[in-house]
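Chain by chain, the residues:
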Amino acid sequence: MIDQEQAQDSAFETRRRRAGIAAFAAGALVTLAFFSFFPGLPHVIDWGAIVAAFGVGVIARWACQSRMNRKNAGSPG
């Protein structure tokens, strides 16, 4: 019984980690694309855009993982 719970926790942590990586990458890429192609902005990726993309990626990762934790806490078992 304990082994099964540990396997489920391990599987959840793996899914949580992968989702966090995907959310970070998506947030960073969308932000870089915004700074690259949005009309009216200088079409140059500078350090400010990179830092902003990193920040948005971190926030997206945090939001994704907190949502997964909240969803998992409500599930039975």
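Bear in mind the structure is a predicted one, so any value in this text is a computation, not a measurement.

**Description of the packing of aromatic side chains**
Part 1 of the reasoning: Going through the model one piece at a time under the given rule, you end up with two aromatic pairs.
Part 2 of the reasoning: Summarising the aromatic geometry, the rings of Phe24 and Phe54 are spaced 5.7 Å apart at their centres and angled 75° between planes, so their arrangement reads as edge-to-face. Placement of Phe24 in helix α1 (residues 2-37) and of Phe54 in helix α2 (residues 47-74) is noted, with a sequence separation of 30 residues between them.
Part 3 of the reasoning: On the numbers, 5.5 Å between centres and 70° between planes, the contact of Phe34 with Phe35 is edge-to-face.
Part 4 of the reasoning: You can call Phe34 partly exposed: its relative accessible area is 40%.
Part 5 of the reasoning: Residue Phe35 is classed as partly exposed on the basis of its relative accessible area of 25%.

**Brief notes about the side chain of Thr31**
Part 1 of the reasoning: Summarising the element assignment, Thr31 is placed in helix α1.
Part 2 of the reasoning: What makes Thr31 buried here is its relative accessible area of 10%.
Part 3 of the reasoning: If we skip the residues at most four places from it in the chain, Thr31 touches Ala52, Ala53 and Val56.

**With respect to the side chain of Gln65**
Part 1 of the reasoning: As for its position among the elements, Gln65 is in helix α2.
Part 2 of the reasoning: The class of Gln65 is buried, set by a relative accessible area of 7%.
Part 3 of the reasoning: Those residues in contact with Gln65 that sit more than four places away from it in its chain are Arg16, Arg17 and Gly20.

**Overview of a nonpolar patch on the surface**
Part 1 of the reasoning: Among the surface-exposed residues, Ile45, Trp47 and Ile50 lie close enough to one another that they form a single nonpolar patch of about 340 Å² accessible area.
Part 2 of the reasoning: Mapped onto the secondary structure, Ile50 falls in helix α2.

**So, the environment of Ala22**
Part 1 of the reasoning: Among the structural elements, Ala22 can be located in helix α1.
Part 2 of the reasoning: With a relative accessible area of 47%, Ala22 lands in the partly exposed category.
Part 3 of the reasoning: Once the C-alpha coordinates of Ala22 and Arg61 are considered, the two residues, 39 residues apart in sequence, prove to be 7.9 Å apart.

The rules we used
- Residues numbered from 1 in each chain as written.
- Predicted model: local features only at pLDDT ≥ 70, side-chain atom pairs only at ≥ 80, totals over all residues.
- Heavy atoms only, no water.
- Phe/Tyr/Trp six-rings, centres within 6.5 Å; stacked < 30°, edge-to-face > 60°.
- Helix = DSSP H or I, 4+ residues; strand = E, 2+ residues; numbered from the N terminus.
- Buried < 20%, exposed > 50% of the residue type's maximum accessible area, 1.4 Å probe, protein only.
- Contact = heavy atoms within 4.5 Å.
- Patch = residues over 30% accessible without salt bridge, like charges linked within 9 Å, V, L, I, M, F, W, Y side chains within 5 Å.
- Areas by Shrake-Rupley, 256 points an atom, 1.4 Å probe, with all protein chains shown as cover.
- Salt bridge = Lys/Arg side-chain N within 4 Å of Asp/Glu carboxyl O.

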